[in-house]
Amino acid sequence: GENVEQHPSTLSVQEGDSAVIKCTYSDSASNYFPWYKQELGKRPQLIIDIRSNVGEKKDQRIAVTLNKTAKHFSLHITETQPEDSAVYFCAASMGSSASKIIFGSGTRLSIRP
Amino acid sequence: DTAVSQTPKYLVTQMGNDKSIKCEQNLGHDTMYWYKQDSKKFLKIMFSYNNKELIINETVPNRFSPKSPDKAHLNLHINSLELGDSAVYFCASRQNSGAYEQYFGPGTRLTVT
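Criteria and cut-off values
- Residues numbered from 1 in each chain as written.
- Chains lettered and ligands numbered in written order.
- Predicted model: local features only at pLDDT ≥ 70, side-chain atom pairs only at ≥ 80, totals over all residues.
- Heavy atoms only, no water.
- Helix = DSSP H or I, 4+ residues; strand = E, 2+ residues; numbered from the N terminus.
- Rg over C-alpha atoms; globule rule 2.2 N^0.38 Å.
- Buried < 20%, exposed > 50% of the residue type's maximum accessible area, 1.4 Å probe, protein only.
- Contact = heavy atoms within 4.5 Å.
- Areas by Shrake-Rupley, 256 points an atom, 1.4 Å probe, with all protein chains shown as cover.
- Pairing = 2+ DSSP bridges.
- Axes fitted to C-alpha atoms, helices over the stretch in contact; angles between N-to-C directions.
- Salt bridge = Lys/Arg side-chain N within 4 Å of Asp/Glu carboxyl O.
- Polar contact = N/O pair within 3.5 Å; in protein donor to acceptor, adjacent residues only side chain to side chain.
- Nonpolar A, V, L, I, M, F, W, Y, C, P; charged D, E, K, R; others polar.
- Core = buried A, V, L, I, M, F, W, Y, C linked by side-chain atoms within 4.5 Å.

S.K.: Teacher, can you tell me more about the overall build of chain A here?
M.R.: For chain A, the helix and strand inventory stands at zero helices and eleven strands. For chain A, the succession of helices and strands along the chain, N to C, is β-β-β-β-β-β-β-β-β-β-β. At 13 Å, chain A has a C-alpha radius of gyration in line with the 13 Å of a compact globule built from 113 residues. Dimensions of chain A, computed from C-alpha atoms along their principal axes, come out at roughly 45 × 30 × 20 Å. Here chain A holds 113 residues, and the buried ones make up 44% of them. The contacts in chain A between residues at least 6 apart in sequence include a share of 53% that link residues at least 24 apart. With the model as given, the accessible surface of chain A reaches about 5,500 Å², and the carbon-plus-sulfur share is 46%.

Next up, the structure:
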């Protein structure tokens, strides 16, 4: 079955610096890669996603890159702010309509003032 | 006007008891999910229903039984609760075409003593 590995498990960066979280997936048929943010005590919420026909997608300070050959995808957050502190999950889909997604183990991001 | 709601928010019960968690979505989505998030924050899919039909059933003990009376509701019944069932259970929903974003409920924190 699909397996998604995520690194690092914890990340601490100075406010204003960039943060990068990396994931790898095992199933070459995966075609949808969302990223979810979960603040303490809250529900996971989608922050950005990318489909396999696109190599990069950007939304303000957040960008995601996908390398299908290497089966790697990454989340980049620039100009980090205190409100970026949260647990971030990558995920990869299975099935033709991405009906099932497998989550990575999460990265706890802390922004130092 | 809550999109995905769950009840109860907190559930404390003793080993061996039977309990249910309810989920409702008012987004008109066709697919609903149950996830389990353990103490290490790992998000694992348990079940998925599409238009009241079970489409995903992961390796979950048969003490867990989902029920979907209609496509807006997906309930989770757990028999003979065990200590290891303690976790946060999230319901989620999504539409079947177009955007693949899953919308999560606020979670139900289950504590088995």
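Past the structure itself, the notes keep going.
S.K.: What should I look at first to understand the sheet that holds strand E3 (residues 19-25) of chain B in this one?
M.R.: Sheet strands pair by backbone hydrogen bonding; their relative direction is either parallel or antiparallel. Residue and element names in this part refer to chain B. With respect to topology, four strands assemble into an open sheet ordered E1-E3-E8-E7, the strand pairing being antiparallel. Both outer strands of the open sheet, strand E1 (4-7) and strand E7 (64-70), are each paired with one neighbouring strand and no more. Between one strand and the next, the sheet's axes are offset by a mean angle of 20°, whatever the strand orientation. In this structure, E3 lies alongside strand E8 (residues 73-78), joined through four bridges in antiparallel fashion. Paired with Glu 24 across the bridge in E8 is His 73.

S.K.: Where do I start with the interface of chain A and chain B in this structure?
M.R.: Quoted interface sizes are often the accessible area lost when the parts come together. Across the contact, 19 residues belong to chain A and 22 residues belong to chain B. Its salt-bridge partner being A:Lys100, residue B:Glu58 comes within 2.8 Å of it at the nearest N-O pair. Taken together, the connections running from chain A to chain B amount to five residue pairs in polar contact (both at pLDDT 80 or more). Among the secondary structure elements, those contributing two or more residues to the side of chain A that touches chain B are strand E4 (32-38), strand E5 (45-51) and strand E10 (100-103) of chain A. Grouping the amino acids of the side of chain A that touches chain B by side-chain chemistry returns eight nonpolar, six polar and five charged.

S.K.: Explain the nonpolar core here, please?
M.R.: Nonpolar side chains tend to gather and get buried jointly when the protein is soluble and globular. Of all hydrophobic cores here, the largest spans 23 residues; its most connected members are A:Trp35, A:Phe73 and A:Leu75. Counting residues per element, the ones that place at least two in this core are strand E3 (19-25), E4, E5, strand E7 (62-67), strand E8 (72-77), strand E9 (86-94) and strand E11 (107-112) of chain A.

S.K.: How do you make sense of the side chain of B:Thr108 when you look at a structure like this?
M.R.: Residue and element names in this part refer to chain B. Position of Thr 108 among the secondary structure elements: in strand E11 (residues 108-112). Under the relative-accessibility criterion, Thr 108 is labelled buried at 0%. Among the polar contacts listed, one links the side chain of Thr 108 to the side chain of Gln 6, at a separation of 3.1 Å. Not counting residues up to four positions away in its chain, the partners in contact with Thr 108 are Gln 6, Thr 7, Pro 8, Lys 9, Leu 11, Ile 21, Ala 87, Val 88 and Tyr 89.

S.K.: Is there a simple way to think about the pattern of salt bridges in this case?
M.R.: Side chains bearing opposite charge may pair, as long as their charged atoms lie close to each other. Residue and element names in this part refer to chain B. Using the criterion set out here, one finds seven salt bridges over all chains in the structure. In this structure, Arg 63 engages Asp 85 in a salt bridge whose closest nitrogen and oxygen atoms are separated by 2.8 Å. Placement of the pair is Arg 63 in the loop between strand E6 (53-57) and E7 and Asp 85 in the loop between E8 and strand E9 (87-94), with a sequence separation of 22 residues. Overall, Asp 85 belongs to the buried group, its relative accessible area being 4%. Taken together, the shared-partner salt bridges in this structure form one network comprising Arg 63, Glu 82 and Asp 85.

By themselves, these observations are geometric and do not establish any function.
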